[in-house]
Amino acid sequence: MPRPVFNEERCKGCELCTVACPHKIVVLANRFNSKGYRPATCIDESKCVGCALCAKTCPDVVIEIHKDKGE
């Protein structure tokens, strides 16, 4: 299954990825990173289809889509 991985320390919380996600599983976290931003995170990885729209939309290249072995 695909899995979105976020570099939370680089995220500025612009929310572009949250708008791009067709399944609305990418949201801003309730915590802050060391720069004072609420980073993006995935609330349900099991619903991720690996479309990578979140990663393609991110201006800071914060998101990668990892696929488990065997895919």
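The model shown is predicted, which means the values in this text are computed figures rather than measured ones.

## Points about the overall build of the protein chain
Moving on, step 1. Each helix and strand counted, the protein chain has 2 helices and 4 strands in total.
Moving on, step 2. Its helices and strands in sequence order give the protein chain the pattern β-α-β-β-α-β, from N to C terminus.
Moving on, step 3. Here the C-alpha radius of gyration of the protein chain, 11 Å, is about what a compact globule of 71 residues would show, namely 11 Å.
Moving on, step 4. In the protein chain, which comprises 71 residues, the proportion classed as buried is 35%.

## Here we look at the pairing of strand 1 (residues 2-6)
Moving on, step 1. Here strand 1 shows a buried face lined by P2, P4 and F6 and an unburied face lined by R3 and V5.
Moving on, step 2. Here strand 1 runs beside strand 4 (residues 63-67); their pairing, made up of 5 bridges, is antiparallel. Paired with R3 across the strands is H66, a residue of strand 4.

## Details of the nonpolar core
Moving on, step 1. Membership of the largest hydrophobic core comes to 15 residues, with the highest contact counts inside it found for F6, C17, V26, A40 and I63.
Moving on, step 2. Of all elements in the fold, only strand 2 (26-28), strand 3 (40-42) and helix 2 (53-57) reach the threshold of two or more residues within this core.

## Notes on unusual backbone geometry
It is generally the case that most residues other than glycine have a negative phi and that most peptide bonds are trans.
Moving on, step 1. The phi torsion at K24 lies on the positive side, around 55°, for a residue other than glycine.
Moving on, step 2. With respect to the element layout, K24 can be found in the loop between helix 1 (16-20) and strand 2.
Moving on, step 3. Not every positive phi belongs to a glycine, and V61 is a case in point at roughly 50°.
Moving on, step 4. As for its position among the elements, V61 is in the loop between helix 2 and strand 4.
Moving on, step 5. According to the relative accessible area criterion, V61 is exposed, its value standing at 57%.

## Some thoughts on the environment of G50
Moving on, step 1. Here G50 lies in the loop between strand 3 and helix 2.
Moving on, step 2. Measuring from C-alpha to C-alpha, the distance between G50 and L16 comes to 17 Å, with 34 residues separating the pair along the chain.

## Observations concerning the environment of D60
Moving on, step 1. Position of D60 relative to the elements: it lies in the loop between helix 2 and strand 4.
Moving on, step 2. A C-alpha to C-alpha distance of 7.2 Å links D60 and C11, two positions 49 residues apart in sequence.

## Comments concerning the side chain of T18
Moving on, step 1. Tracing the chain through its elements places T18 in helix 1.
Moving on, step 2. Of the polar contacts made by the side chain of T18, one reaches the backbone oxygen of E15; its length is 2.6 Å.
Moving on, step 3. Leaving out residues up to four positions away in the same chain, T18 has contacts with K24, V26, V27 and L28.

Reading the values: the criteria
Residues numbered from 1 in each chain as written. Predicted model: local features only at pLDDT ≥ 70, side-chain atom pairs only at ≥ 80, totals over all residues. Heavy atoms only, no water. Helix = DSSP H or I, 4+ residues; strand = E, 2+ residues; numbered from the N terminus. Rg over C-alpha atoms; globule rule 2.2 N^0.38 Å. Buried < 20%, exposed > 50% of the residue type's maximum accessible area, 1.4 Å probe, protein only. Pairing = 2+ DSSP bridges. Core = buried A, V, L, I, M, F, W, Y, C linked by side-chain atoms within 4.5 Å. Polar contact = N/O pair within 3.5 Å; in protein donor to acceptor, adjacent residues only side chain to side chain. Contact = heavy atoms within 4.5 Å.

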